[in-house]
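Structural overview
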Amino acid sequence: MTGILFGSLVILLLLGAPIAIALGLSAVVVYFFMDAPLLLIPQRMFGGLDAFPLVAAPFFVLAGNIMAGGGISRRIVNLALVIAGRIPGALSVASIVSGMFFAAISGSGAASTAALGSIMIPEMVERKYDKDFSSVVQAMAGSLGIVIPPSVPLILYGIGCGTSVGALFIAGILPGIVSGLGLIIVAIIISKKKGYIDKLEKMALKQKLRIIVEAIPAILMPVIILGGIYSGFFTPTEASCVAVVYGFIVSIVVYREITVKKLREILTSSVITSAIVLFIIGTAANFASILIREGIPTAMANFIMGITDNPYLFLLVINVFLLIIGTFMETAAAIIILTPILAPIAVQLGVDPVHFGVIMIMNLAIGLCTPPVGINLYVASNIAKTKIDNMMKWLWPFLGVSIAALLLVTYIPQISLFLVKFL
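Residues numbered from 1 in each chain as written. Predicted model: local features only at pLDDT ≥ 70, side-chain atom pairs only at ≥ 80, totals over all residues. Heavy atoms only, no water.

1. Concerning the overall build of the protein
- A tally of helices and strands in the protein yields 21 helices and 0 strands.
- Taken against the 2.2 N^0.38 rule, which gives 22 Å for 423 residues, the C-alpha radius of gyration of the protein at 21 Å falls within 12% of a compact globule.
- Dimensions of the protein, computed from C-alpha atoms along their principal axes, come out at roughly 70 × 45 × 45 Å.
- Taken across its 423 residues, the protein has 54% of its residues classed as buried.
- In the protein, once contacts between residues fewer than 6 apart in sequence are set aside, the share between residues at least 24 apart is 80%.
- A total of about 18000 Å² of accessible surface is found on the protein, and carbon and sulfur atoms cover 70% of it.
- Each charge sign in the protein was given a centre, from 24 positive and 17 negative side chains, and these centres are 13 Å apart. (Helix = DSSP H or I, 4+ residues; strand = E, 2+ residues; numbered from the N terminus. Rg over C-alpha atoms; globule rule 2.2 N^0.38 Å. Buried < 20%, exposed > 50% of the residue type's maximum accessible area, 1.4 Å probe, protein only. Contact = heavy atoms within 4.5 Å. Areas by Shrake-Rupley, 256 points an atom, 1.4 Å probe, with all protein chains shown as cover. Lys, Arg positive; Asp, Glu negative; His and termini not counted. Charge placed at Lys NZ, Arg CZ, Asp CG, Glu CD.)

In C-alpha cells form, the structure reads like this:
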C-alpha cells in the first residue's frame, strides 16, 4: 500500500493538484484498495484537527492580519528606518528589521512578506534599488515569520511531537535573530557594492522619539504573548486570543485605521488562510495514519539508524533532506507528515525535541524562498511585478547565509535552548 500511497501522491502533484487535495485523494485511493469504509476519512480528518493547541493557529493568523491592516506594519517600518539610520542599504536593512519585528506579530511567512513588501518594495524601487534585489530581500525577511514566535508551524510541530508550544516559542527567538543578522550583513555588503547609499532625510530627535512612541504598542504585542505564556498567566492557545483582542484595541482605539470595510476584508482573508491551513492538516492526518499503519516511521528509523547512530551526522542528513523537501512541499503538510517520523529518531539519538523542532522549522523557512514552491518569492514577485527567474541571481547569497545560520543552530544547541533553560 505504501507504493500506491506515494505513487498516487506523485501523480496528483505532477498533474498540478494542490498539496491538500493530493494528500487527501492519495489516502482515498489507498482506502479504496484496502476496501476500508470511507467514513474513516472524515473521522480521521476530524481527529487530526481535534487538538486544543491547534485553536491558536487561526487566532494568530487573525491577529497578524489585524495588525497588518491596522497601520502597525507602517509604524514598524518607520521604527526600522530609525534603527537602520544612514548605513549603506538602509532601506534593505529596514526591510529585514521590519520582518523580524513583524514576525513576532504575524506567525506567518507569507503574511509578513505581503504586509511589509507592499510598503518597502515600492519605496526601495523608487530610491533606485534593483527591483529584483528588493523583492528577494523582502521574501527572505518574510521567511523569519515562521521562526520567530508566535509561529503557526511551531504550533503544528508541538502538536505532532507532543512538545511544549511555549518552549518552542522561546527557542525560536535567538535562532530567528541569528538568521536576521545574517541577512542584514549580506544586504549591507551587496548594497555597498552596488552603491545603494540612501540619502534619507535626517530626522530630528523629536521626530525619532515620536516614531518610537508610536511603535511601542506593536512592540508590546510579542512581549505580552511570551510574557503571559512564561509567567503561567495563560497558555499559548489563550495567548492567541489575547493577541486578537490586543490587536483590535491597538488598531481601532489607538491608531484608528480599521474601517468597517477593512475589517470585513481582514476577517475574510483570515478565514480563507485558516481554512487552507486546517484543510491541509485534516487531509495530512489521513495520509499520516496510513504511513503509521504501514510501519513507515519505524522502517525509516531503522534505515537511518542502520546508516549512522552518530547524532551529528544524522542532523546533517536531516538538514539536507528537509532542504530538499522544502523546495516542493507546503510547510504545514511537511511538518504534519514528517514530525511523527523524524522527531522520535532524533530523540532516540539524544537530540532535544525542542532543538530539533527549531532545526526543522528553520529548514522549512528556507523552503519558503526556494522554487518551485517558494511561496514568499511568489508574493514578493507579484508585488514588484517581476519574474522569479530574474530574482534568482540575488537569491543565492541570502540562501547561503541562511543555511550557515541553520548549521550554527544545528550544531550549537545552546542558541535555541539557552533561553528555554534560563526561563
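2. Structural notes on unusual backbone geometry
- Put simply, Pro149 and Pro150 share a cis peptide bond, and its omega is 0 degrees.
- Relative to the helices and strands, Pro150 is located in the loop between α8 (131–143) and α9 (152–161).
- The backbone phi angle of Lys128 is positive, close to 75 degrees, even though this residue is not glycine.
- Of note, Lys385 is a non-glycine position whose phi angle comes to about 55 degrees, a positive value.

3. Overview of the side chain of Thr331
- Mapping Thr331 onto the fold places it in helix α17 (residues 331–348).
- A residue is classified by how much of its surface remains accessible, and Thr331, at 10% relative accessible area, is buried.
- Those residues in contact with Thr331 that lie beyond four places of it in its chain are Ile146, Pro153, Leu364 and Leu368.

4. A word on helix α19 (residues 375–384)
- Those residues of α19 not exposed but buried are Asn376, Leu377, Ala380, Ser381 and Ala384. Viewed end-on, α19 has its buried residues packed into an arc of 125 degrees, placing them on one side of the element.
- Residues of α19 that are buried in the fold lie against α7 (109–126), α8 and α20 (388–411).
- Of the residues trailing α19, Lys385 is marked for its positive phi of about 55 degrees. (Arc of directions from axis to C-beta.)

5. Focus: the confidence of the model for the protein
- With 98% of its residues at a pLDDT of 70 or more, the protein has an overall mean of 85.
- Confidence scores differ between elements of the protein, with helix α15 (residues 296–307) showing the lowest mean pLDDT of 74 and helix α18 (residues 353–367) the highest of 95. (pLDDT = per-residue confidence, 0-100.)

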